[in-house]
Amino acid sequence: MQKFITHQGLVAPMDRANVDTDAIIPKQFLKSIQRSGFGPNLFDAWRYLDEGQPGQDNSGRPLNPDFVLNHARYQGASILIARENFGCGSSREHAPWALEDYGFRAIIAPSFADIFHSNAYKNGLLPITLPADCVDELLHITASQEGFRLTIDLSQQKVTTPDGRAFAFEIDGFRKYCLMEGLDDIGLTLRYAEEIKNFEASRRVAQPWLYVESAR
Amino acid sequence: MSAQTLYDKLWHSHVIRSEPDGTALIYIDRHLVHEVTSPQAFEGLRLNNRPVWRVSSILATQDHNVPTTAVKEIADPVSRLQVSTLDANCKSYGITEFAMGDPRQGIVHVIGPEQGATLPGMTVVCGDSHTSTHGAFAALAMGIGTSEVEHVLATQCLLSKKAKSMLVRVEGSLRPGVTAKDIALAVIGEIGTAGGTGYAIEFGGSGIRALSMEGRMTLCNMAIEAGARNGMVAADETTIAYLKGRPYAPTAQQWDAAVAVWNTLHSDEGAHFDRVVEIAADSIEPQVTWGTSPEMVTTVGGAVPDPSQESDATRRHGIEKALAYMGLKANTPITEIEIDKVFIGSCTNSRIEDLRAAADVVKGRKVSSRVKLAMVVPGSGLVKAAAEREGLDRVFTEAGFEWRNPGCSMCLGMNDDRLEPGERCASTSNRNFEGRQGTGGRTHLVSPAMAAAAAIAGHFIDIRNL
């Protein structure tokens, strides 16, 4: 996993609540058996005027000029700010894969859906929860100041504006550690393989019906 | 020990170890797998030379991409590759798979319970948000991402933090024509699609105890639509009766021992919940969504809301966007909304009870001439066979419905079943998001009986007035 320590980047606003993972990456792209290459289809139905297909060359497709990420001033954005309940709906990890592949390193919102929230961490994409009034203010600044950038410092758990205003955020200690070290969860868990085996063995004795090998 | 919730019991009985911040390693009893969210996980295992920890914990099926027409092979090469990749992965690791053509194949959240592969007291995971369905069996069931699928394949564990607890208590009796789907939509209308975020929801009260297992599955299925990763219902006689004799269920002495454990799987008297939501069962009316989020819902007697009446700017903006997408005008009565297609199916409402409820409405009637397509997609091959034994297929086809093969179908349109731009659908599925059933498609979520009634009338109609 890509490490996250500090990041400074251009901010793009997505001024809506309940951005669902079907919108982040529509169903037809879930047919891929790869983990990469979803960036060109991020927000596909909002971003293009035609209907996208997997495997298609996206360079010649008509862009929706009204869609915020198509505006010239947000090209190269790496931090997205949205409203409540970002990432709701489907558990598809293709959503953080697409956001990350597009170039986003962090999403700032007042709240995230649970599954998206954990999927994001697994891919080095930092979901930052800030109070709704702070998000509202940041959305307004992003819209009014062209080229608005933010600095994210994970060790300090702070988002800082160019004029030095800082917004503190919370993160679980374990997740912070994994992100800062770029650790592989599976490798970490397998350090406890003996404990897992012991737990499993005693469960198998206590509730053997949980361990049928196949259907009758 | 102090009084525990069902969630406390399920959680604590699976924790192997905890980090200082509360992140816990929890043991997974059952892992359900389908073709869409697993290929990258198996690939990850291979790249790291890791074996599958416990092959017998896994049950795999093909559901999202499969055609529902009588074709033997998938036409779309991208879909076909995804399905054949699952076949290859299951063969290479020795995993039980119900592939296309197997009479037991079907939607992963229908076949797990149907096989008795979901049992009370289990932790159940699947790379699919609607895994909350299995909580209907007093199981701790949750949807996970593909990285977590790989983690469970490799370690039989999940890294998770205990959620807060919410009790949704529904007391009393539902009125005729009102179903578990209406409870689910009414709850989401009440608490919102983020109302359950960070919570595990237990559904309790006499109105829930009176539900069949099918009804409880519908309700827990939609817990995720309220934002909760887990929904659950206590185990009782209904749970135990449903499981008896199922292929993966225990038998003989093990059955008795299992039942003794299952009988403890309920919240203790006086257990503390972080939030309690109370709803009187007899206050619930048939529900119809009007917007692009399941919380955008009203009763069949209601009307499309007027954004100018909404004081909160973000919400007003949301309603305006939804009405524009849905092609609806403010204050339109729900019963005046005409439909183009009808979809009865999905992991929410494709079980035998759902098909019976829809067939009861349809029997002896005809699908309206303004409806271009009305389809019934049973949740599994076994549901389909059971329905055919009861003659439900003929009830549907004589009325003008198409009777299809099992799969996820037009709930999300990864196969060929989808809405065309601008088409409006009465759907028994779970999500009315923009483009969910097809780019530009417009979805209204309803119960199976309400969808059947809409097919006959050509517009939404109160099932109680049909």
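Coordinates for the structure precede this section.
Notes on the structure follow. (Residues numbered from 1 in each chain as written. Chains lettered and ligands numbered in written order. Predicted model: local features only at pLDDT ≥ 70, side-chain atom pairs only at ≥ 80, totals over all residues. Heavy atoms only, no water.)

**Points about the overall build of chain B**
Here is step 1 of the chain: Helix and strand counts for chain B stand at 15 helices and 19 strands.
Here is step 2 of the chain: Whereas a compact globule of 466 residues would reach a radius of gyration of roughly 23 Å, chain B reaches 21 Å, a difference of no more than 12%.
Here is step 3 of the chain: Its C-alpha atoms put chain B at 55 × 55 × 45 Å along the principal axes.
Here is step 4 of the chain: Residue burial in chain B is summarised as follows: out of 466 residues, 67% are buried. (Helix = DSSP H or I, 4+ residues; strand = E, 2+ residues; numbered from the N terminus. Rg over C-alpha atoms; globule rule 2.2 N^0.38 Å. Buried < 20%, exposed > 50% of the residue type's maximum accessible area, 1.4 Å probe, protein only.)

**Considerations on the nonpolar core**
Residue and element names in this part refer to chain B.
Here is step 1 of the chain: Core analysis: the biggest nonpolar cluster contains 102 residues, and Leu158, Val168, Ile183, Ile201, Phe203, Ile208 and Trp262 have the highest contact counts within it.
Here is step 2 of the chain: With eight residues, the single largest contributor to this core is helix α6 (residues 180-191).
Here is step 3 of the chain: Sequence-distant contacts of Ile201, that is, excluding residues within four places in its chain, are made with Met166, Val168, Ile191, Gly196, Ala226, Ala228, Asn230, Gly231 and Met232.
Here is step 4 of the chain: Met326, Ala374, Ala399 and Ala426 belong to the second largest nonpolar core, which has 87 residues in total. (Core = buried A, V, L, I, M, F, W, Y, C linked by side-chain atoms within 4.5 Å. Contact = heavy atoms within 4.5 Å.)

**Overview of the packing of aromatic side chains**
Residue and element names in this part refer to chain A.
Here is step 1 of the chain: This structure, assessed with the given rule, holds 15 aromatic pairs over all chains.
Here is step 2 of the chain: Each member of the aromatic cluster is reached from another via a ring pair, and the members are Phe43, Trp46 and Phe67.
Here is step 3 of the chain: The ring of Tyr48 has Arg61 lying over it, and the distance from NZ or CZ to the ring centre is 3.8 Å. (Phe/Tyr/Trp six-rings, centres within 6.5 Å; stacked < 30°, edge-to-face > 60°. Lys NZ or Arg CZ within 6 Å of the ring centre and 35° of its normal.)

**Comments concerning the interface of chain A and chain B**
Here is step 1 of the chain: Taken together, the contact pairs 62 residues of chain A with 83 residues of chain B.
Here is step 2 of the chain: Between chain A and chain B, a total of about 6000 Å² is buried, with carbon and sulfur atoms accounting for 56% of that surface.
Here is step 3 of the chain: Contact with chain B buries area across many residues of chain A, yet Lys27, Lys31 and Trp209 of chain A alone supply 14% of it, more than any other trio.
Here is step 4 of the chain: At the level of elements, α3 (94-102), α4 (114-121), α6 (173-181), α7 (185-190) and α8 (193-206) of chain A are the ones that each hand at least two residues to the side of chain A that touches chain B.
Here is step 5 of the chain: Of the residues forming the side of chain A that touches chain B, the biggest block, eight residues, is contributed by α8 of chain A. (Buried area = accessible area lost by both parts, 1.4 Å probe.)

**What about the sheet that holds strand β5 (residues 96-98) of chain B?**
Residues and elements named next belong to chain B.
Here is step 1 of the chain: If you trace the five strands from one edge of the open sheet to the other, you get β5-β4-β3-β6-β7, paired in parallel fashion. Whereas interior strands pair on both sides, the edge strands pair on one side only; in this sheet they are β5 and β7 (140-143). The sheet shows a mean angle of 20 degrees between the axes of neighbouring strands, direction not considered.
Here is step 2 of the chain: Taken together, the four bridges between strand β6 (residues 123-126) and β7 define a ladder with parallel strand orientation. Opposite Val125, over in β7, you have Met142 as the bridge partner. (Pairing = 2+ DSSP bridges. Axes fitted to C-alpha atoms, helices over the stretch in contact; angles between N-to-C directions.)

**Quick notes on the state of the cysteines**
Residue and element names in this part refer to chain B.
Here is step 1 of the chain: Taken as a whole and assessed by the stated rule, the structure comprises zero disulfides over all chains.
Here is step 2 of the chain: For Cys220, which is in no disulfide, the shortest distance to another cysteine sulfur is to Cys347 and amounts to 12 Å.
Here is step 3 of the chain: Here Cys425 is not disulfide-linked; the sulfur of Cys411 is the nearest cysteine sulfur, at 10 Å. (Disulfide = S-S within 2.5 Å.)

**Details of the pairing of strand β2 (residues 24-27) of chain B**
Here is the key point about a regular strand: its side chains alternate between the two faces of the sheet.
All names here are of chain B.
Here is step 1 of the chain: Burial along β2 is two-sided: the face carrying Ala24 and Ile26 and the face carrying Leu25 and Tyr27 are both buried.
Here is step 2 of the chain: The pairing of strand β1 (residues 15-18) with β2 spans three bridges and is classified as antiparallel. By the bridge assignment for β2, Ser18 is matched with Ala24.
Here is step 3 of the chain: Where β1 hands over to β2, the hairpin turn is made up of five residues, of which Gly22 adopts a positive phi near 95 degrees.
Here is step 4 of the chain: As defined by bridge partners, β2 adjoins strand β8 (residues 157-160) across four bridges and the pair is classed as antiparallel. Bridge assignment links Leu25 to a residue of β8, and that residue is Leu159.

**Brief notes about unusual backbone geometry**
Here is step 1 of the chain: Within the chain, Phe43 of chain A stands out as a residue other than glycine whose phi angle is a positive 55 degrees.
Here is step 2 of the chain: Note on placement: Phe43 of chain A falls in the loop between α1 (21-24) and α2 (44-47).
Here is step 3 of the chain: For Ala138 of chain B, which is not glycine, the phi torsion reads 55 degrees and is therefore positive.
Here is step 4 of the chain: In this fold, Ala138 of chain B is placed in the loop between β6 and β7.

**Details of the environment of Thr96 of chain B**
All names here are of chain B.
Here is step 1 of the chain: Looking at where Thr96 falls in the secondary structure, it is placed in strand β5.
Here is step 2 of the chain: In the structure, Thr96 is positioned 41 residues away from Val55 in sequence and 8.4 Å away in space, judged by C-alpha atoms.
Here is step 3 of the chain: Beyond its immediate sequence surroundings of up to four residues, Thr96 is in contact with Ile58, Leu59, Ala60 and Tyr248.

**Some details on the sheet that holds strand β12 (residues 275-280) of chain B**
Residue and element names in this part refer to chain B.
Here is step 1 of the chain: Strands sit in the order β11-β10-β9-β12 across an open sheet of four strands; the sheet is parallel. In this open sheet, the two edge strands, each paired with only one partner strand, are β11 (230-232) and β12. Put simply, the sheet's adjacent strands are angled 20 degrees from each other on average, direction ignored.
Here is step 2 of the chain: Where strand β10 (residues 199-204) meets β11, three bridges bridge the pair, whose relative direction is parallel. Residue Ile201 lies in a different strand from β11, and its bridge partner there is Gly231.
Here is step 3 of the chain: Packed on one face of the sheet, α6 meets β9 (164-171), β10 and β12 and runs near 125 degrees to β12.

**A word on the pattern of salt bridges**
Residues and elements named next belong to chain A.
Here is step 1 of the chain: Under the criterion given, the structure shown has 40 salt bridges over all chains.
Here is step 2 of the chain: When the shortest N-O distance is used, the salt bridge between Asp15 and Arg83 registers 2.6 Å. Highlighted residues: Asp15 in the loop between β1 (6-14) and α1 and Arg83 in the loop between β2 (79-82) and α3, separated in sequence by 68 residues.
Here is step 3 of the chain: For Asp15, a relative accessible area of 40% corresponds to the partly exposed category.
Here is step 4 of the chain: Classification of Arg83 by relative accessible area gives buried; the value is 10%. (Salt bridge = Lys/Arg side-chain N within 4 Å of Asp/Glu carboxyl O.)

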